Amino acid sequence: MSSKVLEGVKRVGLWNSFMGSVKAVLEYTNMKNIEDCMLMGSTGMAFRFVMKNNCDASGPTVYDWASEHFTMLDRIGIFSEITLLFREQGMNTFKLAQVSAMEKIKKAIDNDIPVIIWAPSSVMEFGIISGYDDEQRVFFVRDVGEDEPDPLLYDNLGISMIPYLYVHVLESCIDVAQEKMFRSSLVYGIKEWNKKFHVSSSYTCGNAAYQSTIDALSSERFNDFGFCYCMAVYAQSKELLAEYIKELSIRSKEIKIPSKTVEYCMDISDGFREISMRTPFLGPKKVHKVDCKKELALYLKQLREKEEYVMKSLEKAIGSAN
Amino acid sequence: MGNFHRIQWIDGAIKEKRYPCIKTISEQFEISDRQAYRDIEYMKYSLGAPIEYSAKEKGYLYTDSTFTLPSFFISEEEKAALKFLSVQYSKIKEESSQNLARLFSRLSGQDDEIISQISIPFYQFSVGNAKNFSTVQSAISQDKKLDMSYVNYQGIFQQRTVSPYKIFKNGDRYYFVGYCHLKQDLRVFRLDRAGSMAVREEKRYKCPYYDPEKYVDDMTYFEYIRPYKCTIEFCEEMDEQNIKFKVTSRNGKRYVIEFFSSHDLLGWLFTVSSKFKIIEPVWLKEKLKQKIKKIYSMNEGEPL
């Protein structure tokens, strides 16, 4: 029977809970010192804009976690190991998978590395395991909340409303040439913007996600709760993306980004912030009823045009740098 | 069958030139004037009867004496489905949907006002589910238990008796929460997994730890997970009906209680008149100490 708690692991401090968790682990382990905008931008996460056709809250977390997360962290030189399993009903070997994941988590904690998992508490977001206790059969966790949530029972690992057993251990880190990192993130961002198909027909990405959101605003299937949540998540993403593009325009010696592009990024960021303020996310159990939908649709249309300009400009900037 | 009987009577009265009016219909059947008027509307708009009010005769007559009542009958099952459809269509703001909602409402014999008070979001629904929906709703409104056949998520068929509390929706599915007398615990049931259902002539059991606020449309986070267990010792014996959580066992004044959130449990413990001590788990004891510490600090002048 053993136990260990990593004291001082911070809570998940970003709306994008995966990157918030990564940030907390990087800070605790001193693996890499990276600002929020550089983390969100250079991994490519800040470029992600996925919406469901009814604007429900699933948009920001619907993508291939294992391959996307691995590649995003690889982009900034972090090697990580991921276990991902969807708990199908009637699955025979889930218990074995749970035991194997438990061992992996404990090993990482014993090596002073907090572990990223899906839904460590009742909040359906990524979070962190910061300790364990064999006697009580619990993992100590951190999530997006200020206070430390209730611990996670060993028996409940991988069991939640969205039953993914997701265990992600950040193993080690190497330096990556800055220009390579910049270029790779932009290439990814442009690809995401132009993506025609995302996971299933009810989800859209990038440019198409704008249209899907605009359509949803005038449809009966519109989900108020989800819209407010998504806008809160993406308002922060767009803000960090704008900061990242600004930084890139200053730091990169090879990629020349016009000032108008940076300006437009700021406008998009302001636009999403404005929408998010007008449609506030009130927490998991309250719903803000979205009004002035026509106005919001019109506003999103303008923002999409600006983002289209930004992406074309970035594409040109990468092309000229070749 | 009630309204069909009335309609036959009105039809007969008109044909015999007794010129029934709202007052005579409502008095004859001891119904409200509003319901009598609805019957006339039903005949006029749903059955296509050429019915008009005659100021001269002070009652209703047919403008076409060749009219005969169509020989159809809406069963209770069909009425339940129509009632459900009327609620569903009433949620769509388009005029055509609103017209359909009114039509289904009239065909089902449901009061429009009642329909508008029922809060159900729109989505596809089978007639079988509509019947179950109606049965669960009836059991809840009559404060009665339900007997039903149910297939659980593992595909196992069981006969269950349930004290139903609330119907709610999550995503594209309807559920209801109730106390399952087979499992002796609160359970959430998927409406489409229920087979035959019938209201049982027995008063519902009132589960002390049922919290309606946990079961809200599209906001319900099912407790798929296993609950925490704690052992709490009280200074005096507790009435289990007053314990807002599931008690799995007790030994004198020591109770083993299941819970899903320390926030809820500790919040309740503070409202209990008896003094208490958390025996286990350690983490819960720590949470309690932290909470008390926080309250103490705030009362010692620290900012809220």
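Not measured: the values here are computed from a predicted model. (Residues numbered from 1 in each chain as written. Chains lettered and ligands numbered in written order. Predicted model: local features only at pLDDT ≥ 70, side-chain atom pairs only at ≥ 80, totals over all residues. Heavy atoms only, no water.)

### Quick word on the pattern of salt bridges
Logical step 1: Overall, the coordinates contain 42 salt bridges over all chains when judged by the stated rule.
Logical step 2: We note a salt bridge from Glu247 of chain A to Arg251 of chain A, for which the minimum N-O separation is 3.0 Å. You can see Glu247 of chain A and its partner Arg251 of chain A sitting in helix α7 (residues 224–251), four residues apart, about one turn around the helix.
Logical step 3: In this structure Arg251 of chain A comes out as partly exposed when scored by relative accessible area, which is 27%.
Logical step 4: The residue Lys289 of chain B makes a salt bridge to Glu286 of chain B at a minimum N-O spacing of 3.3 Å. (Salt bridge = Lys/Arg side-chain N within 4 Å of Asp/Glu carboxyl O. Helix = DSSP H or I, 4+ residues; strand = E, 2+ residues; numbered from the N terminus. Buried < 20%, exposed > 50% of the residue type's maximum accessible area, 1.4 Å probe, protein only.)

### Brief notes about the interface of chain B and chain A
Logical step 1: In this complex, chain B contributes 22 residues to the contact, which on the side of chain A involves 22 residues.
Logical step 2: Both faces considered, chain B and chain A share a buried interface measuring about 1800 Å² in area, 55% of it formed by carbon and sulfur atoms.
Logical step 3: Put simply, chain B and chain A have three salt bridges between them.
Logical step 4: One salt bridge in this structure joins Lys294 of chain B and Asp147 of chain A, with 3.6 Å as the shortest N-O distance.
Logical step 5: Joining chain B to chain A, the criterion identifies eight residue pairs in polar contact (both at pLDDT 80 or more).
Logical step 6: Examining the composition of the side of chain B that touches chain A, we find that four residues originate from one element, helix α9 (residues 282–299) of chain B, more than from any other.
Logical step 7: For the side of chain B that touches chain A, the residue count by class is 13 nonpolar, three polar and six charged. (Contact = heavy atoms within 4.5 Å. Buried area = accessible area lost by both parts, 1.4 Å probe. Polar contact = N/O pair within 3.5 Å; in protein donor to acceptor, adjacent residues only side chain to side chain. Nonpolar A, V, L, I, M, F, W, Y, C, P; charged D, E, K, R; others polar.)

### With respect to the nonpolar core
Most often, soluble globular proteins have nonpolar side chains that are buried together.
Residues and elements named next belong to chain A.
Logical step 1: Counting 104 residues, the largest nonpolar core has Phe18, Met19, Phe139, Leu157, Ile245 and Phe272 as the members making the most contacts within it.
Logical step 2: Broken down by element, the residue count for this core peaks at 14 residues, all from α7.
Logical step 3: Split by domain, the residues of this core number at least three in each of domain 1 (3–33 + 78–173) and domain 2 (178–321).
Logical step 4: Discounting residues that sit within four places of it in the chain, Leu157 has contacts with Phe94, Gln98, Ala101, Met102, Ile105, Ile117, Ile129, Phe139, Leu152 and Leu165. (Core = buried A, V, L, I, M, F, W, Y, C linked by side-chain atoms within 4.5 Å. Domains from an automatic or database assignment.)

### Structural notes on helix α4 (residues 94–110) of chain A
Residue and element names in this part refer to chain A.
Logical step 1: Compared with an ideal rise of 1.5 Å per residue, which puts 17 residues at 24 Å, α4 spans 24 Å between its outermost C-alpha atoms and is within 8% of the ideal.
Logical step 2: All buried positions along α4 are accounted for by Phe94, Gln98, Ala101, Met102, Ile105, Lys106, Ala108 and Ile109. Buried residues in α4, looked at end-on, bunch into an arc of 160 degrees, giving them a common side. Summarising the geometry of α4, the exposed residues directed more than 90 degrees from the buried face are Leu96 and Lys107.
Logical step 3: If you follow the buried residues of α4, they end up packed against β1 (3–5), β3 (78–86), β4 (115–118), β5 (126–133), β6 (138–142) and β8 (164–173).
Logical step 4: Count one or two residues on from α4 and you reach Asp112, which has phi positive near 65 degrees. (Expected span 1.5 Å × (residues − 1). Arc of directions from axis to C-beta.)

### Thoughts on the packing of aromatic side chains
Residues and elements named next belong to chain A.
Logical step 1: Scanning the model with the defined rule gives 39 aromatic pairs over all chains in all.
Logical step 2: Relative to Tyr210, the ring of Phe49 has its centre 4.9 Å away and its plane inclined at 65 degrees; by these criteria the two rings are edge-to-face. On the criterion of sequence distance, the pair formed by Phe49 in the loop between α2 (36–43) and β2 (50–52) and Tyr210 in helix α6 (residues 207–217) is long-range, its members being 161 residues apart. The exposure classification of Phe49 matches that of Tyr210, with both residues buried.
Logical step 3: Judged by centre distance (4.8 Å) and plane angle (65 degrees), the rings of Trp65 and Phe126 are edge-to-face. With Trp65 in helix α3 (residues 65–75) and Phe126 in strand β5, this residue pair connects regions lying 61 residues apart in the sequence. (Phe/Tyr/Trp six-rings, centres within 6.5 Å; stacked < 30°, edge-to-face > 60°.)

### Section: the sheet that holds strand β10 (residues 254–259) of chain B
The strands making up a sheet associate through backbone hydrogen bonding, with each pair oriented either parallel or antiparallel.
Residues and elements named next belong to chain B.
Logical step 1: If you trace the four strands from one edge of the open sheet to the other, you get β9-β10-β8-β11, paired in antiparallel fashion. Each having just a single partner strand, β9 (246–251) and β11 (276–280) make up the two edges of the open sheet. In this sheet, adjacent strand axes meet at a mean angle of 30 degrees when their direction is disregarded.
Logical step 2: Two strands pair when backbone bridges link them, and strand β8 (residues 228–234) and β10 are joined in this way by six bridges, in the antiparallel orientation. (Pairing = 2+ DSSP bridges. Axes fitted to C-alpha atoms, helices over the stretch in contact; angles between N-to-C directions.)

### What about the packing of helix α2 (residues 22–29) of chain B against helix α3 (residues 33–46) of chain B?
All names here are of chain B.
Logical step 1: With their axes 8 Å apart at the nearest point, α2 and α3 run at an angle of 110 degrees to one another. Put simply, α2 runs roughly perpendicular to α3. Viewed along their axes, α2 and α3 form a crossing whose handedness is right-handed. Taken together, the residues of α3 that come into contact with α2 (itself represented by Ile22, Ile25 and Ser26) are Asp33, Ala36, Tyr37 and Ile40.
Logical step 2: A class-by-class count of the residues in the contact of α2 with α3 yields five nonpolar, one polar and one charged. (Parallel < 35°, antiparallel > 145°, perpendicular 65-115°, else oblique. Left-handed = near helix turned anticlockwise from the far one by under 90°.)

### As for the sheet that holds strand β6 (residues 185–190) of chain B
Residue and element names in this part refer to chain B.
Logical step 1: Strand order in the open sheet formed by five strands is β6-β5-β4-β3-β7, with antiparallel pairing between adjacent strands. In this open sheet, the two strands that pair with only one neighbour each are β6 and β7 (194–203). Averaged over all pairs of adjacent strands, the angle between strand axes in this sheet comes to 45 degrees, irrespective of strand direction.
Logical step 2: With eight bridges connecting them, strand β4 (residues 157–170) and strand β5 (residues 173–180) associate as antiparallel partners. Looking across to β5, one finds that Ser163 is bridged to Tyr179.

### Some details on unusual backbone geometry
Logical step 1: Each neighbour pair has its own omega, and for Glu280 of chain B with Pro281 of chain B the value is 0 degrees, a cis peptide bond.
Logical step 2: Relative to the helices and strands, Pro281 of chain B is located in the loop between β11 and α9.
Logical step 3: One non-glycine residue, Arg137 of chain A, lies in the positive phi region at around 55 degrees.
Logical step 4: Tracing the backbone through its elements, the reader meets Arg137 of chain A in the loop between β5 and β6.
Logical step 5: Under the relative-accessibility criterion, Arg137 of chain A is labelled partly exposed at 41%.

### Some points on the layout of surface pockets
Logical step 1: Estimated volume of the second largest pocket: approximately 400 Å³.
Logical step 2: Residue lining of the second largest pocket: 20 residues in total, with Val5, Glu7, Phe140 and Glu148 of chain A together with Gln290 of chain B positioned closest to the centre.
Logical step 3: The set of elements that each furnish at least two residues to the lining of the second largest pocket consists of β6 of chain A together with α9 of chain B.
Logical step 4: Looking at the lining of the second largest pocket element by element, the count peaks at five residues for α9 of chain B. (1 Å grid on protein atoms, 1.4 Å probe; cavity = no way out; pocket = protein on both sides within 12 Å on 5 of 7 lines; lining within 4 Å. Points joined across faces, edges and corners; volume = space filled by probe spheres on them.)

### Observations concerning the packing of helix α1 (residues 17–29) of chain A against α3 of chain A
Residue and element names in this part refer to chain A.
Logical step 1: In the contact formed by α1 and α3, the axes pass within 12 Å of each other and the chain directions differ by 45 degrees. Taken together, the axes of α1 and α3 lie oblique to each other. Like other packed secondary-structure pairs, α1 and α3 cross with a definite hand, here right-handed. Side by side, α1 and α3 meet where Phe18, Met19 and Val22 of the first sit next to His69, Met72 and Leu73 of the second.
Logical step 2: Residue composition of the contact of α1 with α3, grouped by class: five nonpolar, one polar and no charged.

### Comments concerning the domain arrangement of chain A
Residues and elements named next belong to chain A.
Logical step 1: Looking at chain A, the domain boundaries give domain 1 (3–33 + 78–173) and domain 2 (178–321).
Logical step 2: Computed from C-alpha coordinates alone, the two centres of domain 1 and domain 2 are separated by 29 Å.
Logical step 3: Contacts between the two partners involve four residues from domain 1 and, on the opposite side, six residues from domain 2.
Logical step 4: The contact between domain 1 and domain 2 buries some 510 Å² in all, and 62% of this surface belongs to carbon and sulfur atoms.
Logical step 5: At the junction of domain 1 with domain 2, the criterion picks out zero salt bridges.
Logical step 6: Where domain 1 meets domain 2, there are two residue pairs in polar contact (both at pLDDT 80 or more).

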